[in-house]
Amino acid sequence: MDLQLKGKIALVTGATAGIGLAIAKRLVAEGAEVVICGRTRAKLDAATAQSGARGILADPATADGAATLVAAVPAVDILVNNLGIYESKPFTEITDEDWRRFYEVNVLSGARLARAYFPGMIARDWGRIIFIASDSAVIVPPDMIHYGMTKTAQLAISRGLAAATKGTRVTVNSVLPGTTRSEGIVDFLKSVSADPNASERDIERAFFAKERPTSLIQRMIEPEEIAALVAYVASPLSAATNGAALRADGGITPTIV
C-alpha cells in the first residue's frame with residue numbers, strides 16, 4: 001500500500017531509540033523526509049545512521065531546545081510527539097521535582113512544538129500532529145501516577161487541537177501503546193515483578209496477567225507495530241481520522257471522532 005508520504009517533512013521526537021526510532025525508520029521507508037532530535041551527539045548520530053533521518057541536536061523538553069529545533073526546521077507536514085520518560089514509584093515518594101520533570105518532558109515538549117507548527121499547517125490546509133500517549137492515560141497505574149497524569153494531559157491537548165482543525169485537512173490524534181518492547185523495558189518489568197529472578201518470559205506473562213488484564217494480546221508490542229499504525233495516521237489516507245485516541249494493544253478505549 002502506498003501511504004502517499006513521499007516528500008512529506010516529518011519531525012519525530014524521542015527517536016534515538018525504541019518506538020521513536022522505529023517510527024522514524026518507517027516514515028523514511030515510506031519516502032518522507034524525516035528529522036529527529038536528540039540530547040547527545042553519539043546517540044543522535046547512531047540513530048540517524050540507522051534510520052536515514054536528519055539529526056538535530058536539541059531537547060524540546062526545554063524552551064531553548066524547542067526554539068533551536070524550530071529554528072532549524074521552520075515547517076513540518078507531520079509532527080510526532082514521542083518524547084517521554086517513565087518510572088515506577090509509589091505515590092507518596094513522588095517529589096515536586098518529579099512532577100515538574102515528567103510534565104516538562106512528557107507534556108510541554110509536545111505542546112511547545114504543536115504550538116510552533118500548528119499555525120503553518122492550518123495556513124497550508126494540511127498537516128498531521130500525532131501524540132504518542134499510553135494506555136496509562138486511561139488506566140492509570142497506581143505506581144506510575146505521575147506518568148499517567150502526563151499521558152492524560154496529552155489526550156486533552158490532542159483533542160482540543162483537533163477541535164480547532166474543523167473544516168480543514170489538518171488532523172490531530174493520539175496513539176496509546178500498551179507496554180512496548182524497548183530499551184530498558186526488561187529491567188522495568190523486573191523492578192515491578194514479584195519474582196525478579198524468574199525468566200523474562202514468565203515475568204512478562206505475570207505482568208500482563210496482573211497489571212494489564214484488559215490487554216487482549218497479552219504480550220509486549222513490538223516498536224515496529226506501533227510505527228506501522230503511526231505511519232498510517234500520518235498518511236493522507238487517514239483523512240477521516242481526527243480527534244481520535246487509538247489504543248494499540250487490543251484493549252478497550254473509547255475513540256472520539
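Let's shift gears to the pattern of salt bridges. Applying the stated criterion to the full structure yields 13 salt bridges. Residue D135 pairs with R247 through a salt bridge whose shortest N-O separation is 3.8 Å. Of this pair, D135 sits in the loop between β5 (127-132) and α5 (145-163) while R247 sits in strand β7 (residues 245-247), and the two are 112 residues apart along the sequence. The same class applies to D135 as to R247, namely buried. Between R181 and E204 there is a salt bridge whose closest N-O contact spans 3.9 Å.

One pass over the structure, following the stated rule, counts 1 cavity of 30 Å³ or more. By volume, the largest cavity is sized at about 50 Å³. Along the walls of the largest cavity sit P141, D143, M144, F188, V192, F207, E211 and R212, which together make up its complete lining. Residues that form the lining of the largest cavity fall into these classes: 5 nonpolar, no polar and 3 charged.

Running from amino to carboxyl end, helix α4 (residues 96-124) crosses α5 at an angle of 15°, the nearest separation of the two axes being 9 Å. The orientation of α4 with respect to α5, classified from their angle, is roughly parallel. Here α4 runs over α5; the crossing is right-handed. Facing α4, whose interface residues are D98, W99, F102, Y103, N106, V107, A111, A114 and F118, α5 presents I145, H146, Y147, M149, T150, K151, A153, Q154, I157 and L161.

Quick look at the sheet that holds β5 now. One open sheet holds the 7 strands; their spatial order is β3-β2-β1-β4-β5-β6-β7, and the pairing between them is parallel. Two strands in the sheet have a free side with no partner beyond their single neighbour: β3 (54-57) and β7. Here the average twist between neighbouring strands, direction ignored, is 20°. Here strand β1 (residues 9-12) pairs with strand β2 (residues 33-38) via 4 bridges, running parallel. Bridge assignment links V12 to a residue of β2, and that residue is I36.

What counts and how
Residues numbered from 1 in each chain as written. Predicted model: local features only at pLDDT ≥ 70, side-chain atom pairs only at ≥ 80, totals over all residues. Heavy atoms only, no water. Salt bridge = Lys/Arg side-chain N within 4 Å of Asp/Glu carboxyl O. Helix = DSSP H or I, 4+ residues; strand = E, 2+ residues; numbered from the N terminus. Buried < 20%, exposed > 50% of the residue type's maximum accessible area, 1.4 Å probe, protein only. 1 Å grid on protein atoms, 1.4 Å probe; cavity = no way out; pocket = protein on both sides within 12 Å on 5 of 7 lines; lining within 4 Å. Points joined across faces, edges and corners; volume = space filled by probe spheres on them. Nonpolar A, V, L, I, M, F, W, Y, C, P; charged D, E, K, R; others polar. Axes fitted to C-alpha atoms, helices over the stretch in contact; angles between N-to-C directions. Parallel < 35°, antiparallel > 145°, perpendicular 65-115°, else oblique. Left-handed = near helix turned anticlockwise from the far one by under 90°. Contact = heavy atoms within 4.5 Å. Pairing = 2+ DSSP bridges.

These values are about where atoms sit, not about what they do.
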